[in-house]
Amino acid sequence: MARKILFINQEITPYVPETPMSLMGKALPQAMQEKGYEIRTFMPKWGNINERRGQLHEVIRLSGMNLIINDTDHPLIIKVASIQQARVQVYFIDNDDYFSRRQMEKDELGNDYPDNGERAIFFARGVLETVKKLRWVPDIIHCQGWMAAVVPLYVKTAYHDEPSFANTKVVTSLFTKTLSNDLGTNFKKCVEFRDAKADLLVPYCDNFNFEELGKLAIDYSDGVIQADAEVNEGLLDYAKQKGLPVCGYEQDFADGYEAFYNQILP
């Protein structure tokens, strides 16, 4: 039976401009699918994505759930499209408050959005709830980008009893791309959900910045990948000090990543 990999991506080309992260967001799922893995791929429905050009359409049976973040209900909208030449289907997490009529992590003036932390939390929970609805059980969840950084915590705490994720291994990729500003002092409160309790977040600084977010992802991951030639050295060292399996930077990534998956799978 084919192993199953869930890719949770911050960026995927051609829906957003080409960066090392968006190129990998497309190439990695395609490569693993061609190797015989069963895959699912998710990304945020950033406001700068052209829905008509990308041929996105809403999946009514998966939409309609409300996620409560910071004591406010936020409707979850799921859209889907296909990258024809790659034969990869992409699910998009959408919400009017967090994504519509907005850019990616920065606004038109180049400033980080102050609610980026909440957006990452909504995205993480939206993906996991949708995978549950799909009744799909991934062997590996591969997180790419800071928008997916809360996923490892939730998989290992809030969702650890869910049949979809009980035995899932989590891999986090480190990229060069960072956040300019921190996520504010309210981030810890917003993260709390089910067994993802406040006391689990005590070891982290009250002001969650890019490094704290990276440490949170690493602490609840089963392996870490250096996805760019140059990444945050502090986070790379942090993963190594924890004794986690670390996959170094590889330009021809497909075989190396497959070997790494097999290393952390039981």
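Residues numbered from 1 in each chain as written. Predicted model: local features only at pLDDT ≥ 70, side-chain atom pairs only at ≥ 80, totals over all residues. Heavy atoms only, no water.

Draft legend 1. Inspection of the environment of Asn111 at higher detail. Note that Asn111 resides in the loop between strand S7 (88-94) and helix H3 (116-134). As a C-alpha pair, Asn111 and Leu244 span 133 residues in sequence and 34 Å in three-dimensional space. Sequence-distant contacts of Asn111, that is, excluding residues within four places in its chain, are made with Glu105 and Lys106. (Helix = DSSP H or I, 4+ residues; strand = E, 2+ residues; numbered from the N terminus. Contact = heavy atoms within 4.5 Å.)

Draft legend 2. Molecular detail of the side chain of Ser221. Note that Ser221 resides in the loop between helix H6 (210-219) and strand S10 (223-226). Classification of Ser221 as buried rests on a relative accessible area of 6%. A polar atom in the side chain of Ser221 sits 2.7 Å from the side chain of Thr172. When neighbours within four sequence positions are excluded, Ser221 is seen to be in contact with Pro152, Val170, Thr172 and Leu244. (Buried < 20%, exposed > 50% of the residue type's maximum accessible area, 1.4 Å probe, protein only. Polar contact = N/O pair within 3.5 Å; in protein donor to acceptor, adjacent residues only side chain to side chain.)

Draft legend 3. Representation of the pairing of strand S6 (residues 77-83) in the model. Among the seven residues of S6, six are classified as buried, and the element is accordingly described as predominantly covered. As judged from the two bridges shared by strand S3 (residues 57-58) and S6, these two strands associate in the antiparallel manner. Looking at S6, one finds that Glu58 is bridged to Lys79. As paired strands, S6 and S7 are joined by seven bridges and run antiparallel to one another. Looking at S7, one finds that Ala81 is bridged to Val90. (Pairing = 2+ DSSP bridges.)

Draft legend 4. A look at unusual backbone geometry. With an omega dihedral of 15°, the bond running from Thr13 to Pro14 counts as a cis peptide bond. By the secondary structure assignment, Pro14 is in the loop between strand S1 (4-9) and helix H1 (20-34). In this structure, Gln55 is a non-glycine residue whose phi angle is positive, near 55°. Inspection of the secondary structure assignment puts Gln55 in the loop between helix H2 (51-54) and S3. According to the relative accessible area criterion, Gln55 is exposed, its value standing at 56%. The backbone phi angle of Arg101 is positive, close to 55°, even though this residue is not glycine. Structurally, Arg101 can be placed in the loop between S7 and H3. The class for Arg101 is exposed, based on a relative accessible area of 73%.

Draft legend 5. Structural context of H3. Here H3 spans 27 Å end to end across 19 residues, near enough to the 27 Å set by a 1.5 Å rise per residue. In terms of burial, H3 is a largely internal element, 17 of the 19 residues being buried. Following H3 by one or two positions, Arg135 has its phi on the positive side, about 55°. (Expected span 1.5 Å × (residues − 1).)

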